[in-house]
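Chain by chain, the residues run as shown.
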Amino acid sequence: MNHWPFIIAAYGVTIAGVLGLSVVSWRAMRSAEARADAMKRDR
Amino acid sequence: MHIFANPARFLSIARPATPWLFWTGLVVLLAGCACGLFLTPADYLQGDSVRILYVHVPAAWLGMGGWSGIAIAAIMQMVWRHPLAAIAGRAIAVPGALFTAICLASGSIWGRPTWGTWWEWDGRMTSMLVLLFLYIGYIALARASAASGQSGGVSRVTAIFALVGAVNLPIINRSVVWWNSLHQGPSITMRGSTIDMAILWPLGLTLLGFTFWFAAIVLMRMRAILAETKVEARMQRMARDAAVGERVPA
Amino acid sequence: MAMKSKHQRLILVLIALVALIGAGLLAASALKDEAAYFYTPYDAKTKGVDPGKAIRLGGMVVKGSLKRAADGVTIHFQVSDGKASVPATFTGIAPDLFREGSGVVAEGSFDKGGTFVATNLLAKHDERYMPRELDGMSYNETTHQIEGQVK
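Residues numbered from 1 in each chain as written. Chains lettered and ligands numbered in written order. Predicted model: local features only at pLDDT ≥ 70, side-chain atom pairs only at ≥ 80, totals over all residues. Heavy atoms only, no water.

Participant: I would appreciate a short explanation of the overall build of chain A in the present structure.
Facilitator: On a plain count of helices and strands, chain A comes out with one helix and zero strands. Here chain A holds 43 residues, and the buried ones make up 37% of them. Surface accessibility of chain A: about 2,600 Å² in total, with carbon and sulfur atoms responsible for 64%. (Helix = DSSP H or I, 4+ residues; strand = E, 2+ residues; numbered from the N terminus. Buried < 20%, exposed > 50% of the residue type's maximum accessible area, 1.4 Å probe, protein only. Areas by Shrake-Rupley, 256 points an atom, 1.4 Å probe, with all protein chains shown as cover.)

Structure below.
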């Protein structure tokens with residue numbers, strides 16, 4: 001049996017999860033901190 | 001420990017640490033994956049499928065390490081009323097659940113060419129699946145406590161749930177020793193490793209890289225929760241001031 | 001006063017944690033037999049498994065015991081756990097990692113003569129990982145035999 005399709009699938013799932021959560025967490029942090037900073041300037 | 005109790009002081013360390021941990025982690029984990037895919041030899045029995053080890057083992061370590069972190073945060077929240085601990089627990093939940101899911105998925109994909117099955121209900125696989133369900137339960141409880149005004153942290157019930165769930169960790173760890181299981185026994189123990197150095201070395205890189213990346217994600221999520229809490233507190237103050245203003249015209 | 005309540009909480013949480021882990025481990029050890037994924041040949045012999053009862057049998061494929069029947073798809077082999085050994089037979093395609101001297105988990109049942117008739121084979125590998133060259137052996141994909149000197 002050729003193992004490479006299985007290896008590629010396992011690495012693909014992992015890298016997709018890592019990159020996906022990176023983008024989601026980064027965006028959530030940036031927008032939340034931007035709102036907090038904007039609020040500070042309003043005062 | 002109490003240095004971090006103050007959110008302002010925590011942020012002064014977390015802000016520069018976040019990109020540093022993130023990029024170092026990403027570079028090291030990608031380098032480790034590349035080495036594991038192209039530089040190491042195939043296993044004498046499993047052939048090339050052994051390369052799945054380099055993502056499967058870090059995923060298992062961070063899935064279980066994540067819940068250990070949540071449980072420690074729960075103890076700190078309940079005993080010392082540490083405000084950041086409750087936020088840390090909530091921030092760990094999603095990346096911890098992601099790695100538990102990656103561990104299950106990569107293990108399933110690994111099982112097909114080696115064992116000849118995608119899934120079997122043996123002790124290791126079943127207890128790891130229970131951990132994923134525990135994470136899902138924790139995330140739901142944490143959402144509910146955020147909605148009920150826990151100022152960014154998690155409720156007591158959620159913290160207690162984290163402690164109860166920690167019972168599963170030694171069960172996962174010992175499952176292959178206690179019960180006859182399809183999953184093999186531990187390779188790396190106090191007595192050393194039964195993985196040959198030629199195959200083992202990239203695992204050090206991926207373990208380090210994924211751990212750094214995990215820490216960066218936890219810091220990002222903690223910073224997001226702290227910023228949201230600040231905005232919410234301000235909104236509540238404004239709403240209160242507005243209500244007072246209506247009753248007493250200037 | 002604040003110090004005292006903090007101490008009390010710490011002790012309470014620690015007691016709760018110890019009790020919980022104790023209860024969990026007790027439950028797990030009580031489940032020991034039920035949660036076992038397979039019988040070893042020794043278990044099967046000492047506990048007496050009824051013929052026809054569907055179980056899983058796990059152990060090592062005894063070196064030199066693997067024989068292929070004339071039909072080409074049926075194999076006969078011995079499964080051992082070091083303490084006992086039982087004959088087994090399987091008709092079909094075995095997984096790649098199924099080979100002599102390596103682990104196997106067979107699903108099936110015993111026939112009246114005490115031979116384990118497997119309906120499915122799963123390969124179980126151990127915790128050792130090493131490069132092929134180092135072990136000085138090669139694996140023949142068609143015969144399911146390891147060729148060369150095994151250290």
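From this point on, the discussion continues.
Participant: I'm lost on the environment of Tyr42(C) in this one. Help?
Facilitator: Residue and element names in this part refer to chain C. In this structure, Tyr 42 sits in helix α2 (residues 41-47). Residue classification places Tyr 42 among the partly exposed residues on the basis of a relative accessible area of 36%. Here the alpha-carbon distance between Tyr 42 and Val 86, two residues 44 residues apart in the chain, equals 8.8 Å. Tyr 42 has contacts with Asp 81, Lys 83 and Ala 84, leaving out every residue within four places of it along the chain. (Contact = heavy atoms within 4.5 Å.)

Participant: Help me out: how do you make sense of the UniProt feature "transmembrane region" (unreviewed entry) in chain B in this one?
Facilitator: Per the UniProt record, the feature "transmembrane region" (unreviewed entry) sits at residues 20-39, 59-80, 92-111, 123-141, 153-172 and 199-220 of chain B. Taken end to end, residues 123-141 of chain B is 100% helix and 0% strand, and its two terminal C-alpha atoms sit 27 Å from one another. (UniProt positions renumbered as here; feature names shortened; annotations may be inferred.)

Participant: For this particular structure, what's the right way to read the pairing of strand β6 (residues 116-124) of chain C?
Facilitator: Walk down a regular strand and you will see the side chains alternate between the two sheet faces. All names here are of chain C. Sheet topology places strand β4 (residues 85-91) next to β6; three bridges connect them, and they run parallel. From the neighbouring strand, Ala 88 faces β6, where its bridge partner is Phe 116. Bridge analysis of strand β5 (residues 103-110) against β6 gives eight bridges, and the strand direction is antiparallel. Looking across to β6, one finds that Ala 106 is bridged to Leu 121. The loop that links β5 with its antiparallel partner β6 comprises five residues; one of these, Gly 114, has a positive phi angle of about 90°. (Pairing = 2+ DSSP bridges.)

Participant: Which parts of the structure should I look at to understand the pattern of salt bridges?
Facilitator: Two side chains of opposite charge can pair, provided their charged atoms sit close to one another. In this structure the tally under the stated criterion is five salt bridges over all chains. Between Arg51(B) and Asp48(B) there is a salt bridge, and its shortest N-O distance comes to 3.0 Å. Of the residues examined, Arg51(B) reaches a relative accessible area of 6% and is grouped as buried. One network of salt bridges, in which partners are shared, links Glu120(B), Arg56(C) and Glu107(C). (Salt bridge = Lys/Arg side-chain N within 4 Å of Asp/Glu carboxyl O.)

Participant: Mind showing me how you'd approach the layout of surface pockets here?
Facilitator: A probe matching the size of a water molecule, rolled over the atoms, marks out where space remains unfilled. All names here are of chain B. Empty space within the largest pocket amounts to approximately 910 Å³. Surrounding the largest pocket, 34 residues form its lining, His 56, Val 57, Ala 60, Arg 124 and His 183 being those nearest its centre. Those elements that provide at least two residues to the lining of the largest pocket are α2 (53-80), α3 (83-114), α4 (123-147), α6 (168-178), β1 (188-189) and α7 (197-247). Here the lining of the largest pocket takes seven residues from α3, the largest share from any one element. Classifying every residue of the lining of the largest pocket by side-chain character gives 20 nonpolar, 12 polar and two charged. (1 Å grid on protein atoms, 1.4 Å probe; cavity = no way out; pocket = protein on both sides within 12 Å on 5 of 7 lines; lining within 4 Å. Points joined across faces, edges and corners; volume = space filled by probe spheres on them. Nonpolar A, V, L, I, M, F, W, Y, C, P; charged D, E, K, R; others polar.)

Participant: Looking at this structure, I do not really get empty space enclosed by the protein. What am I missing?
Facilitator: Residues and elements named next belong to chain B. Counted by the stated rule, this structure contains two cavities of 30 Å³ or more. If you go around the second largest cavity, the residues you meet are Ile 70, Ala 73, Ala 74, Gln 77, Ala 85, Ala 86, Gly 89, Tyr 138, Val 154 and Ala 159. Every element with two or more residues in the lining of the second largest cavity is listed here: α2 and α3. Among the elements that line the lining of the second largest cavity, the one with the most residues is α2, at four residues. A breakdown of the residues in the lining of the second largest cavity according to their chemical character gives eight nonpolar, two polar and no charged.

Participant: Is there a simple way to explain unusual backbone geometry in this structure?
Facilitator: The phi torsion of most residues other than glycine is negative, and most of the peptide bonds are trans. All names here are of chain B. A positive phi is found at Arg 81, a non-glycine position, where the angle reads about 55°. One can find Arg 81 in the loop between α2 and α3. What makes Arg 81 partly exposed here is its relative accessible area of 46%.

Participant: Help me out: how do you make sense of the interface of chain B and chain A in this one?
Facilitator: Where interface size is given, it is often the accessible area lost as the parts come together that is meant. Between chain B and chain A, the residue contacts involve 38 residues of the former and 25 residues of the latter. Contact between chain B and chain A buries roughly 2,900 Å² in total, counting both sides, with carbon and sulfur atoms accounting for 77%. Contact with chain A buries surface across chain B, with Ile109(B), Met220(B) and Arg234(B) losing the most and accounting together for 18% of the total. Two residues, Glu33(A) and Arg223(B), come together in a salt bridge whose shortest N-O distance is 2.8 Å. For the pair chain B and chain A, the number of links is seven residue pairs in polar contact (both at pLDDT 80 or more). Sort the elements by how many residues they give to the side of chain B that touches chain A and α7(B) lands first, with 13 residues. Here the side of chain B that touches chain A is built from residues that sort into 24 nonpolar, four polar and 10 charged. (Buried area = accessible area lost by both parts, 1.4 Å probe. Polar contact = N/O pair within 3.5 Å; in protein donor to acceptor, adjacent residues only side chain to side chain.)

Participant: Sorry, what's going on with the state of the cysteines here?
Facilitator: Disulfides are covalent bonds that link the sulfur atoms of two cysteine residues. All names here are of chain B. One pass over the structure, following the stated rule, counts zero disulfides over all chains. With no disulfide of its own, Cys 35 has Cys 33 as its nearest cysteine by sulfur position, at a separation of 9.3 Å. Given the relative accessible area of 14%, Cys 35 is considered buried. A disulfide-free cysteine, Cys 103 has its sulfur positioned 15 Å from the sulfur of Cys 33, the nearest such atom. (Disulfide = S-S within 2.5 Å.)

Participant: I keep staring at the packing of helix α1 (residues 4-42) of chain A against helix α1 (residues 7-38) of chain B and nothing clicks. Help me out?
Facilitator: How two helices sit against one another is set out by the angle between their axes and by the gap between those axes. Packing of α1(A) against α1(B) brings their axes to within 13 Å, and their N-to-C directions diverge by 170°. As summarised for this structure, α1(A) and α1(B) are arranged roughly antiparallel, according to the angle between their axes. Packed against α1(A), whose contacting residues are Trp4(A), Ile7(A), Tyr11(A), Ile15(A), Val18(A), Ser22(A) and Glu33(A), the element α1(B) presents Arg15(B), Phe22(B), Leu26(B), Leu29(B), Leu30(B), Cys33(B) and Leu37(B) at the interface. Residue composition of the contact of α1(A) with α1(B), grouped by class: 11 nonpolar, one polar and two charged. (Axes fitted to C-alpha atoms, helices over the stretch in contact; angles between N-to-C directions. Parallel < 35°, antiparallel > 145°, perpendicular 65-115°, else oblique.)

Participant: In this structure, what is going on with a nonpolar patch on the surface? I would like to understand it.
Facilitator: All names here are of chain B. Nonpolar side chains collect at one region of the surface, where Phe 38, Leu 39, Met 197 and Trp 201 lie side by side and expose about 500 Å² of accessible area between them. Here Trp 201 is to be found in helix α7. For Trp 201, a relative accessible area of 37% corresponds to the partly exposed category. (Patch = residues over 30% accessible without salt bridge, like charges linked within 9 Å, V, L, I, M, F, W, Y side chains within 5 Å.)

Participant: Sorry if this is basic, but what is going on with helix α5 (residues 156-165) of chain B here?
Facilitator: The periodicity of an α-helix, 3.6 residues per turn, causes residues three or four positions apart to be oriented the same way. Buried within α5(B) are the following residues: Thr158(B), Ala159(B), Ala162(B), Leu163(B) and Gly165(B). All buried residues of α5(B) lie within an arc of 165° about the axis, which places them on one face of the element. (Arc of directions from axis to C-beta.)

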